[in-house]
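# A structural walkthrough
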Amino acid sequence: MTSQPCPACGQITNHAFRYKANGCDIWQCDSCGLGRAVTAGFDPQVYYTGDYFSGRHSDGYADYRAAEPVLRREFARSVEFIHRYCRGGRLLDLGCAYGFFLKEAQRYFDAWGIELAEEAAEHGRRSGLKVLSGVADETNMARIGGVDVVTLLDVIEHLPHPHETLALCCRYLKPGGIIVITTGDFRSLTARISGVKWRLMTPPQHLWFFTEESLCRMSAPLGLSLEHCDHPAKIVPLSLIVFQLRRMLGLRGAGPATASQFGVPVNLFDAMRIVLRKPMA
């Protein structure tokens, strides 16, 4: 046990050492349950390139672009879910990759994206999408302006400073707007049973391991309130399932290329979806 600043609790709290994964120490706040990976020399701009999406990293995706039809089926479901909480306006997707979610979101929203991997961002722009290169910083957010929806779909766990990004998004979120987050649930039964072998325990790709409580504590000082939390099923490309299984078994390679064309409904109840609402002015 050691004392460390917790970005969710906003103060120094006791942290328990959980395990070592990929050479990174994993610590967990004893109060809110937020887990963190202690990394050394990790540079997101170097790591998140086209290789991350094409199976040339041990983590990431087997072939993201080939799985577009499957991914868009899942994203279409996500858009319908979001539409229940916001009927229209401007939507910003952080970490939008090749823009497949934005293509679906255009049915209801003026859709924008920000993407760190330049190849993916350029692909989105060539597809006619409004995608900015880089990260969610003051410059990019000012170019987009006020938004009604911010989505971080399997993104917040990758951010070096998630509390700062959340605060920035909140400043540009219009009154009554929502932030939708999907991420792993570190307190789920699957995560606790799997321990260091948990499928989402992949530092330094994943730097943070959230709980519902930690996200609520991180967002409350910003005036955001929890409106919804669940653990939905997802349609997952078979190629990604094979890729992750091979990684867990210590095997190299992405498996059959045709696996990208098939989607499998999966729910291990270890990934949560959260809707945060900004109050009306």
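Residues numbered from 1 in each chain as written. Predicted model: local features only at pLDDT ≥ 70, side-chain atom pairs only at ≥ 80, totals over all residues. Heavy atoms only, no water.

Taken in spatial order, the 5 strands of this open sheet run S1-S2-S3-S4-S10, and their pairing is antiparallel. Each edge of the open sheet is held by one strand with a lone partner, namely strand S1 (2-6) and strand S10 (208-209). Bridging between strand S2 (residues 11-21) and strand S3 (residues 24-29) involves 6 bridges; their strand directions are antiparallel. Pairing of His15 across the sheet is with Cys29, part of S3. (Pairing = 2+ DSSP bridges. Helix = DSSP H or I, 4+ residues; strand = E, 2+ residues; numbered from the N terminus.)

What follows is about the pairing of strand S5 (residues 89-94). Sheet analysis places S5 next to strand S6 (residues 109-115), joined by 6 bridges and oriented parallel. The residue bridging Gly89 from the neighbouring strand is Phe109, located in S6. What joins S5 to S6 is helix H3 (residues 100-105), and the crossover it makes is right-handed. Alignment of S5 against strand S8 (residues 147-153), held across 3 bridges, turns out to be parallel. Paired with Leu91 across the two strands is Val149, which belongs to S8. (Right-handed = clockwise from strand over helix to strand, strands pointing away.)

Moving on: the packing of aromatic side chains. Within the structure shown, the criterion is met by 18 aromatic pairs. Residues Tyr47 and Tyr48 carry aromatic rings whose centres are separated by 5.1 Å and whose planes lie at 80° to one another, so their mutual orientation is edge-to-face. You can call Tyr47 buried: its relative accessible area is 14%. Take Tyr48: its relative accessible area is 9%, and that puts it in the buried class. Members of the aromatic cluster, each reached through a chain of ring pairs, are Phe42, Tyr47, Tyr48, Tyr52, Phe53, Tyr64, Tyr98 and Phe100. Note that Arg273 overlies the ring of Phe81, its terminal NZ or CZ placed 3.6 Å from the centroid. (Phe/Tyr/Trp six-rings, centres within 6.5 Å; stacked < 30°, edge-to-face > 60°. Buried < 20%, exposed > 50% of the residue type's maximum accessible area, 1.4 Å probe, protein only. Lys NZ or Arg CZ within 6 Å of the ring centre and 35° of its normal.)

Okay, the pattern of salt bridges next. Considering all chains together, one arrives at 19 salt bridges under this definition. Arg90 is paired through a salt bridge with Asp110; the nearest N and O atoms lie 3.2 Å apart. Here Asp110 lies in strand S6 and Arg90 lies in strand S5, a separation of 20 residues in the sequence. Its relative accessible area of 26% is what places Asp110 among the partly exposed residues. (Salt bridge = Lys/Arg side-chain N within 4 Å of Asp/Glu carboxyl O.)

Along helix H8 (residues 212-219), the residues that are buried comprise Ser214, Leu215, Met218 and Ser219. When H8 is viewed along its axis, its buried side chains cluster within an angular range of 125° and face the same direction. Structurally, H8 contributes buried residues whose contacts are with helix H6 (162-172), strand S9 (173-184) and strand S14 (271-277). (Arc of directions from axis to C-beta. Contact = heavy atoms within 4.5 Å.)

What follows deals with the side chain of Glu74. For Glu74, the location among the structural elements is in helix H2 (residues 68-83). Classification of Glu74 as buried rests on a relative accessible area of 9%. Sequence-distant contacts of Glu74, that is, excluding residues within four places in its chain, are made with Ala233, Lys234 and Ile235.

It is worth spelling out the pairing of S3 at this point. S3 sits mainly inside the fold: 5 of its 6 residues count as buried. Between S2 and S3, which pair antiparallel one after the other, the connecting turn spans 2 residues, and Asn22 there sits at a positive phi close to 50°. Sheet topology places S3 next to strand S4 (residues 35-38); 4 bridges connect them, and they run antiparallel. By the bridge assignment, Ile26 is partnered in S4 with Ala37. The turn linking S3 back onto S4 is made up of 5 residues, and Gly33 within it adopts a positive phi angle of 90°.

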